[in-house]
Amino acid sequence: MPLEYLGTSPTASDRQVRPFSPAVRAGDFIYVSGQVPAGADGEIVTGGIEAQTRQVMENLKSVLALAGAGFDDVCKTTVWLQDARDFGAFNRVYMGYFGNGRPARSTTEARLMVDAKVEIDVVAYKPT
C-alpha cells in the first residue's frame, strides 16, 4: 500500500514553506509531524505552558482529522518540553484531551527549534 501524504506543508511566520507533511498514512497507521503552538497565522501563541499546550493539542486534533482520526486513535506520543519544570502544568492540559485513553508516551526536556515551550508528535492507529 502506498504512503498517503495528508495536508499541505505548513508555512511559518517567515512565509517559508516547511519541507514536511503534517501527517502521513502508512497502511492503518497515521504519523503526525511534531506540532508547535502556532496559530493559523504561523505565529507562536503567547502565554505560558497551558496556553501553548492547548494550541498544540488543537493543532494535533486538526491534523488527525485529515485522516478521519481523533485522540481516541492515538497509540503513541512524543513530547518535548523546553523546561522540565512545566511538566505538571503541561500534564494537566494534556490529560484533558485523552479522556480515559492513555497512549504510550515519551517526554524529554529539549531546546526547541522555535521559540516555543512544547512540541508534540503522535502516532495513531485507524484502520481504513
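To keep things clear, this report deals only with the structure shown in the data block. What you are looking at is a predicted structure, and each value in this text was computed from that prediction instead of being measured.

Reading guide: rules and limits
- Residues numbered from 1 in each chain as written.
- Predicted model: local features only at pLDDT ≥ 70, side-chain atom pairs only at ≥ 80, totals over all residues.
- Heavy atoms only, no water.
- Pairing = 2+ DSSP bridges.
- Helix = DSSP H or I, 4+ residues; strand = E, 2+ residues; numbered from the N terminus.
- Axes fitted to C-alpha atoms, helices over the stretch in contact; angles between N-to-C directions.
- Contact = heavy atoms within 4.5 Å.
- Polar contact = N/O pair within 3.5 Å; in protein donor to acceptor, adjacent residues only side chain to side chain.
- Phe/Tyr/Trp six-rings, centres within 6.5 Å; stacked < 30°, edge-to-face > 60°.

1. Focus on the sheet that holds strand E3 (residues 29-35)
- Spatial ordering of the open sheet is given by E1-E2-E3-E6-E4-E5, a layout of six strands whose pairing is mixed. Bordering the open sheet on either side are strand E1 (4-6) and strand E5 (104-109), each of which pairs with just one other strand. For this sheet, the mean angle separating the axes of adjacent strands, direction not counted, is 15°.
- Lying on the sheet, helix H2 (residues 87-98) is in contact with strand E4 (74-81), E5 and strand E6 (118-125); it crosses E4 at an angle near 155°.

2. Section: the side chain of Thr78
- By secondary structure assignment, the location of Thr78 is in strand E4.
- Side chain to side chain, Thr78 and Lys76 meet in a polar contact 3.5 Å long.
- Not counting the four nearest positions on each side in its chain, Thr78 is found in contact with Ser106, Glu119, Ile120 and Asp121.

3. Things to note about the packing of aromatic side chains
- Counted according to the given criterion, the structure contains six aromatic pairs.
- Measuring from ring centre to ring centre gives 5.1 Å for Phe29 and Tyr125, while their planes differ by 55°; the resulting arrangement is tilted. One end of the pair, Phe29, is in strand E3; the other, Tyr125, is in strand E6, with 96 residues separating them in the sequence.
- With a centroid separation of 4.9 Å and an interplanar angle of 50°, the aromatic rings of Tyr94 and Phe98 are classed as tilted. Of this pair, Tyr94 and Phe98 both sit in helix H2, separated by four residues, roughly a single helical turn.

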